[in-house]
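If you want the building blocks of each chain, they are given just below.
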Amino acid sequence: MHFRNILLTALIVTGLTACDRAPQREPLVLQGKTMGTVWRVTLAGVDPQRKEALQQAIQQQLDRDDGEISTWKTTSVLSRFNQYQGTEPQPVSADMADIVTLSLRIGAKTAGAMDITAGRLVNLWGFGPVGQPAHQPDVAAIAAARAETGLSHLRVIQNVSGQWLQKDLPGLYVDLSTVGEGYATDHLARLMEQQGITNYLVSVGGAVLSRGRNASQQPWRVAVQKPTDRENAVEARVDLQGHGISTSGSYRNYYELDGKRISHVIDPATGRPVQHKLVSATVIATTALEADGWDTGLMVLGTARAKALALKEHLAVYLITKEGDGFSHWMSPGFKTFLIDKS
Ligand code: FAD
């Protein structure tokens, strides 16, 4: 039987504590849908009369991002790049050049575990717009998709006259799903700044960023969820201190096929969904985009290699690993500096 249980967000804003219950204005909460998931913006100290205009500006920004980097929309800039069966440089926006540059850099640091050129593998296993396969892909199909995958086949060209993406394999298929939510979250933060708003918590899917204080003049609190199907079970709470946070997990975005659980996190080295016991990786970084790029790479690497890389790169990381009937957790020294408490 097929089913796909999609993680909307692995991060939640926690409730107020007793000391938060000072006199306060109500926060302004806006939300909507984008990129196959939900967005949410919570604002403190903002005139409620601005709600409609802000809602519109946010949705327009997200629609622009979707029209640029979606592999689900055949007309997006990225889809047109993927459809292009040549090797000449193709013009892209500065933002698009930046997201690809950062993704390639994180890809190299994870030794190719995070690979935005793995789109053919993602589609083969049914996590792209194509839909789920009736049976597990065979060895030949996996090998064919792997032959059209690899960070070294994609480059960004940037100079005074513009920026371009270039592939040296005509069939290369770039998938920015792993960083798209972080990219869009950073854009919402930028939009809030442009609107003169300094106290906000913005999220798209599993990527979150906050600045300033909440309506009770307290730091925004974000909770990492426990790896269960139960909503809102809190594993740990953090104060982001103006940073971005993102979680990648294998426990909610999967389906079952031929009696096996198929995770949406694909190991480009094998061409297959990961099988190890690391169930979620949460990263806090300067931007939500950066956090969103690292979390998938760490998920691919598995617990031991993810720990080693987090320490080497001084990343703020929280890992949850399946151990028998329960779970174990690990946090890097960098993550501890953001921790409020842990259940
Ligand atoms: P993350 O853990 O952040 O990333 C995992 C995803 O990255 C996988 O699902 C796969 O796509 C890809 N991936 C897997 N392995 C690797 C790897 N080794 N290296 C790099 N990438 C890898 N979904 C819909 O159902 N309908 C839509 O219309 C839709 N539109 C979208 C538009 C945009 C612009 C984006 C960015 C995504 C869209 N999605 C859509 C996808 C969806 O909402 C999520 O982005 C997706 O499910 C992954 O998000 P995540 O945070 O759960 O996973």
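Before reading on, note that the structure itself is shown above.
Because the structure is predicted, anything quoted here is derived from the model rather than measured.

What counts and what doesn't
Residues numbered from 1 in each chain as written. Predicted model: local features only at pLDDT ≥ 70, side-chain atom pairs only at ≥ 80, totals over all residues. Heavy atoms only, no water. Pairing = 2+ DSSP bridges. Helix = DSSP H or I, 4+ residues; strand = E, 2+ residues; numbered from the N terminus. Axes fitted to C-alpha atoms, helices over the stretch in contact; angles between N-to-C directions. Contact = heavy atoms within 4.5 Å. Near = heavy atom within 4 Å. Polar contact = N/O pair within 3.5 Å; in protein donor to acceptor, adjacent residues only side chain to side chain. Salt bridge = Lys/Arg side-chain N within 4 Å of Asp/Glu carboxyl O. Buried < 20%, exposed > 50% of the residue type's maximum accessible area, 1.4 Å probe, protein only. Parallel < 35°, antiparallel > 145°, perpendicular 65-115°, else oblique. Left-handed = near helix turned anticlockwise from the far one by under 90°. Nonpolar A, V, L, I, M, F, W, Y, C, P; charged D, E, K, R; others polar. Core = buried A, V, L, I, M, F, W, Y, C linked by side-chain atoms within 4.5 Å. Phe/Tyr/Trp six-rings, centres within 6.5 Å; stacked < 30°, edge-to-face > 60°. Lys NZ or Arg CZ within 6 Å of the ring centre and 35° of its normal.

A. Here's a closer look at the sheet that holds strand 17 (residues 316-323). Strand order in this open sheet of eight strands is 2-3-7-8-11-16-17-18, and the pairing throughout is antiparallel. The sheet terminates laterally at strand 2 (28-34) and strand 18 (326-331), the two strands that pair on one side only. Sheet twist, expressed as the average angle between the axes of neighbouring strands with direction ignored, equals 15°. Two strands pair when backbone bridges link them, and strand 8 (residues 207-211) and strand 11 (residues 244-249) are joined in this way by three bridges, in the antiparallel orientation. Bridge pairing links Leu 209 to Gly 244 in strand 11. Here helix 1 (residues 51-69) sits on the sheet and contacts strand 2, strand 3 (37-43) and strand 7 (200-204); the angle it forms with strand 2, its principal contact strand, is near 30°. The sheet contacts of helix 7 (residues 288-301) involve strand 8, strand 11, strand 16 (278-285) and strand 17, and relative to strand 16 the element is tilted by about 155°.

B. Representation of the environment of Val 139. With respect to the helices, strands and loops of the structure, Val 139 is situated in helix 5 (residues 139-147). Taking the C-alpha atoms as reference, Val 139 lies 29 Å from Arg 155; in sequence the two are 16 residues apart.

C. Representation of the site of the ligand. In the region of the ligand, 24 residues are neighbours, and Met 35, Ala 113, Asp 115, Ser 248 and Ile 266 sit closest. A distance of 2.5 Å separates an oxygen atom of the ligand from a polar atom in the backbone of Met 35. Between a nitrogen atom of the ligand and a main-chain N or O atom of Asp 115, the distance comes to 2.9 Å. Those elements that provide at least two residues to the shell around the ligand are helix 1, helix 6 (177-194) and helix 7.

D. Spatial organisation of the sheet that holds strand 5 (residues 154-159). The strand order 4-6-5 describes an open sheet built from three strands, whose pairing is antiparallel. Of all the strands in the sheet, just strand 4 (90-91) and strand 5 have a single pairing partner and so form its edges. Across two bridges, strand 4 lies against strand 6 (residues 162-167) in antiparallel orientation. In the sheet register, Pro 91 faces strand 6, and the bridge partner there is Trp 164. Each of strand 5 and strand 6 touches helix 3 (residues 94-109); the most contacted strand, strand 5, lies at about 135° to it.

E. Structural context of the pattern of salt bridges. Per the stated rule, a full pass over the model turns up eight salt bridges. A salt bridge links Glu 235 to Lys 226; its shortest N-O distance comes to 3.7 Å. Note on Glu 235: relative accessible area 7%, which makes it buried. Lys 342 is paired through a salt bridge with Glu 235; the nearest N and O atoms lie 3.5 Å apart. Placement of Lys 342 in strand 19 (residues 339-342) and of Glu 235 in strand 10 (residues 234-239) is noted, with a sequence separation of 107 residues between them. Judged by relative accessible area, which is 31%, Lys 342 ranks as partly exposed. In this structure, a network of salt bridges that share partners links the residues Lys 226, Glu 235 and Lys 342.

F. Geometry of the packing of helix 3 against helix 6. At a closest axis distance of 11 Å, the pairing of helix 3 and helix 6 adopts a crossing angle of 130°. Viewed along their axes, helix 3 and helix 6 adopt a mutual orientation that is oblique. Where helix 3 crosses over helix 6, the handedness of that crossing is right-handed. Facing helix 3, whose interface residues are Asp 95, Met 96, Ile 99 and Ser 103, helix 6 presents Val 179, Tyr 183, His 187 and Arg 190. Looking at the contact of helix 3 with helix 6, its residues break down into four nonpolar, two polar and two charged.

G. Molecular detail of the environment of Thr 198. Mapped onto the elements of the fold, Thr 198 is located in the loop between helix 6 and strand 7. Overall, the relative accessible area of 51% leaves Thr 198 in the exposed class. Spatially, the C-alpha atom of Thr 198 lies 9.0 Å from that of Gly 45, the residues being 153 residues apart in sequence. Once residues within four sequence positions are removed from consideration, Thr 198 is found in contact with Arg 211 and Gly 212.

H. Summary view of the nonpolar core. Counting residues in each nonpolar core, the largest one holds 42 residues, and the members touching the most others are Ile 99, Val 100, Ile 116, Leu 154, Val 174, Leu 176 and Val 317. Going through the elements one at a time, helix 2 (77-83), helix 3, helix 6, strand 16, helix 7, helix 8 (303-312) and strand 17 are the ones with two or more residues in this core. Contacts of Ile 116, omitting those with residues within four sequence positions, involve Val 100, Ser 103, Leu 104, Leu 151, Leu 154, Tyr 173, Val 174, Asp 175, Leu 176 and Thr 178. Grouped together as the second largest cluster of nonpolar side chains are 22 residues, Ile 58, Ala 184, Leu 188 and Val 202 included.

I. Fine view of unusual backbone geometry. Here Met 35, not a glycine, exhibits a phi torsion of approximately 50°, which is positive. For Met 35, a relative accessible area of 24% translates into the label partly exposed.

J. Inspection of the packing of aromatic side chains at higher detail. All told, the structure shown has one aromatic pair when counted by the stated rule. With a centroid separation of 5.3 Å and an interplanar angle of 50°, the aromatic rings of Tyr 318 and Phe 335 are classed as tilted. Taken together, the residues Tyr 318 in strand 17 and Phe 335 in helix 9 (residues 333-336) connect sequence positions 17 residues apart. For the pair formed by Tyr 318 and Phe 335, the shared burial category is buried. For the cation-ring pair, Lys 322 lies above Phe 327, with the distance from its terminal atom to the ring centre recorded as 4.9 Å.

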